[in-house]
Amino acid sequence: MRKILFVVVIAACILVPVLLFGFNEEPGKIEKGNGVEAAAEQMVTDKSADFQEKGLDILLEGKSLKGFGYKIRIDNRLNVYAPERFLEDLMGCSVNQYSNGNVEIDRNSTEIKIPAADLEMVEDEAYIPISEYVESLGFNMEFSFKKNQVNFTCTDGGMNLPKAYDMRDHDRVSPVRDQGQYGTCWAFASLAALESASLPKEDSIYSVDHMSRNNGYNLDISDGGEHTMSIAYMAAWRGPVYEKDDEYGDGKTDDTLEAVRHLEEAIIMNKRDDSKIKGAIYKYGGVETSLYMEMTYGSSRSQFYNEDTASYYYDGDMKPNHDMVIVGWDDDYPKEKFSIQPSKDGAYICKNSWGEDFGDGGYIYVSYEDKNIGKQAIVYTRLGEKNNYDNIYQSDILGWVGQMGFNEESAYFANVYTAKKDEILKAISFYATGDNTTFSVFIVPDYKDESSLNSKRIEIGKGETRYSGYYTVDLTQDVELRKGQKYAVIVSIKTPGSEKPIAIECDAGKRTEGLDLSDGEGYMSLYGEVWHSAEEENANICLKAFTDNK
């Protein structure tokens, strides 16, 4: 705070010296005029209003973040307020909001507790007053009045992660559960990771039975599954539902239940990167991953598992066969605690689904050198309320099954929908099939035929994603739709290194026997000029639209 006000006052002195200073009769001395403090205060107030009116460009290390949709608020004293996601994504902080409204912010060895009264609430989202804490969190913050910019610069070398972190110590894990003899580890891992994303503020337990029996795939509860099924189930608003409404292991399900939350974003890391995995745990919640477990259940034995220390290290060549959730790490976990000794210390703390009698109360410590852990890692980063939008338009119930493209990094894809009532288009969602994807979003408000995709499209959003995954994009302007009006949403995408950047729902054999190609009208194009029907290629485009009723 003091830095900001100091800069403002100096600027005021330079810009309006006649107003701020007056000379007395004694040579060589300068005294403040009567209006100094009032003029400086007014200047700050005016500049704050200017920021709010024109919008504020946020920079990190001098790079603009306009494409990522971050928002901050500024009061009339140039105090900066930022939402939890801003501190997590940009500043590398762990931000935990509790049920009483209080917030705890952690960054490496720094721990800051902020009472609920100091927060600014905007549409049920807490904005945190970071101005007074920015230096303690290892950052400097500077305004550029001329350019309407605020630049955040890291001053601690990016050392935001501690050497050890355990989500259990911060009330960020839900209870350990037991999958029994069913092949449902994938659903337990997905929902445990999802539950952790809302903790400690909200302690919901979601139904594994409902996810494993109502995901649209032709798989028995004993057949197993994977994270793409979990994401598709939630992205389609089929779930999650509460465990109390569809209990596990009773042999039945209720397919009339409606989702109690709506998934808005899930990140998929497709290669092992320990710093990114740790950062995701620290900032967002548990990370779903896969291991090879020689044991089929907790009562069995394995040469790779040390029962006395609840530690596991697999150094063979078998592919993963079991899903867990990484909830922490310890860089100094002794290598001597493993039954087969790795070359270095260090372990991830993993939550399993074999009950509390297995391991350390249901948790195990997996060596950093394990052959499979973290090679694919999924974290759920945005979970919306069930009323975030009134309506969903989609044709990809099974989600990301395959990919299409034109042997190029870039492509266009589109879906055509018909408004069911008078509505307002608010957002769209799609899959980024690789890292560092850039995209633009277009709307064709009055779709007639394929030619409309060229002549009538209007750009209403753009951005970029750091990782592959499922993303929801809030549009930059509302688009009004009349009942019965046909409209098209279009995405232009570029995924570096990919030859097939478009995610599609398609036939993948017996497991996708529920595929329905009659529910969509989708198109693909290389340059956005010549369009090809997705349905004629036996596919549905993974591109959803979300509307609110007028």
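Please read these numbers as outputs of a predicted model, since none were measured by experiment.

Enquirer: Would you explain the sheet that holds strand β25 (residues 410–418) in this entry?
Expert: Backbone hydrogen bonds hold the strands of a sheet together, and the pairing may be parallel or antiparallel. Taken in spatial order, the 6 strands make up an open sheet running β28-β27-β30-β25-β32-β33, and their pairing is antiparallel. At either margin of the open sheet sits one strand with a lone partner, and together these are β28 (458–465) and β33 (532–533). Of the strand pairs in this sheet, β25 and strand β30 (residues 486–494) are connected by 9 bridges, and their pairing is antiparallel. Paired with Ala414 across the two strands is Ile490, which belongs to β30.

Enquirer: Which parts of the structure should I look at to understand empty space enclosed by the protein?
Expert: Regions of empty space are outlined by a rolling probe, equal in size to a water molecule, passed over the atoms. The tally for this structure, following the rule as stated, stands at 4 cavities of 30 Å³ or more. Quantified by volume, the largest cavity comes out at close to 120 Å³. What lines the largest cavity is a set of 16 residues, and nearest its centre among them are Phe188, Ala189, Ala192, Lys351 and Ser353. Among the secondary structure elements, those contributing two or more residues to the lining of the largest cavity are α5 (185–198) and β19 (322–330). Of all the elements, α5 adds the most residues to the lining of the largest cavity, at 6 residues. What the second largest cavity holds in volume is close to 60 Å³. Tallied by class, residues from the lining of the second largest cavity come to 2 nonpolar, 1 polar and 4 charged.

Enquirer: Even after reading the chapter, I still don't get the pattern of salt bridges, so can you show me in this structure?
Expert: Close approach of charged atoms allows side chains of opposite charge to pair. The full count for this structure, using the stated rule, is 27 salt bridges. The salt bridge involving Lys113 is made with Glu104; its shortest N-O contact spans 3.2 Å. Among the residues examined, Lys113 registers a relative accessible area of 57% and is labelled exposed. Judged by its relative accessible area of 5%, Glu104 is buried. Asp273 is paired through a salt bridge with Lys276; the nearest N and O atoms lie 3.8 Å apart. Using a relative accessible area of 24% as the deciding quantity, one classes Asp273 as partly exposed. A single network of salt bridges, built from pairs that share partners, joins Arg85, Asp89 and Glu265.

Enquirer: Teacher, can you tell me more about the environment of Phe358 here?
Expert: Residue position: Phe358 is located in the loop between β20 (347–351) and β21 (363–367). A residue is classified by how much of its surface remains accessible, and Phe358, at 5% relative accessible area, is buried. Considering only alpha carbons, one finds Phe358 and Glu307, 51 residues apart in sequence, at a separation of 8.8 Å.

Enquirer: Please clarify how the sheet that holds strand β7 (residues 94–97) should be interpreted in this entry.
Expert: Overall, antiparallel pairing links the 3 strands, which are arranged β7-β8-β9 in an open sheet. Two strands lie at the open edges of the sheet, namely β7 and β9 (110–114), each paired on one side alone. Averaged over all neighbouring strand pairs, the angle between strand axes comes to 15 degrees, with direction disregarded. Across 5 bridges, strand β8 (residues 103–107) lies against β9 in antiparallel orientation. Considered in β9, the bridge of Ile105 is made with Ile112.

Enquirer: Looking at this structure, how should I read α5?
Expert: Three- or four-residue spacings in an α-helix give side chains the same orientation, since the helix completes a turn every 3.6 residues. Taking 1.5 Å of rise per residue, the 14 residues of α5 would be expected to cover 20 Å, and the 21 Å separating its terminal C-alpha atoms lies within 8% of that figure. Within α5, 13 of the 14 residues are buried, which leaves it mostly tucked inside the rest of the structure.

Enquirer: What exactly am I supposed to notice about the layout of surface pockets here?
Expert: What the second largest pocket holds in volume is close to 270 Å³. Those elements that place two or more of their residues in the lining of the second largest pocket are α5, β16 (287–291) and β19. With 3 residues, the single largest contributor to the lining of the second largest pocket is β16. Classifying every residue of the lining of the second largest pocket by side-chain character gives 4 nonpolar, 10 polar and 4 charged.

What counts, and where the lines are drawn
Residues numbered from 1 in each chain as written. Predicted model: local features only at pLDDT ≥ 70, side-chain atom pairs only at ≥ 80, totals over all residues. Heavy atoms only, no water. Pairing = 2+ DSSP bridges. Helix = DSSP H or I, 4+ residues; strand = E, 2+ residues; numbered from the N terminus. 1 Å grid on protein atoms, 1.4 Å probe; cavity = no way out; pocket = protein on both sides within 12 Å on 5 of 7 lines; lining within 4 Å. Points joined across faces, edges and corners; volume = space filled by probe spheres on them. Nonpolar A, V, L, I, M, F, W, Y, C, P; charged D, E, K, R; others polar. Salt bridge = Lys/Arg side-chain N within 4 Å of Asp/Glu carboxyl O. Buried < 20%, exposed > 50% of the residue type's maximum accessible area, 1.4 Å probe, protein only. Axes fitted to C-alpha atoms, helices over the stretch in contact; angles between N-to-C directions. Expected span 1.5 Å × (residues − 1).

Geometric values such as these leave the question of function open.
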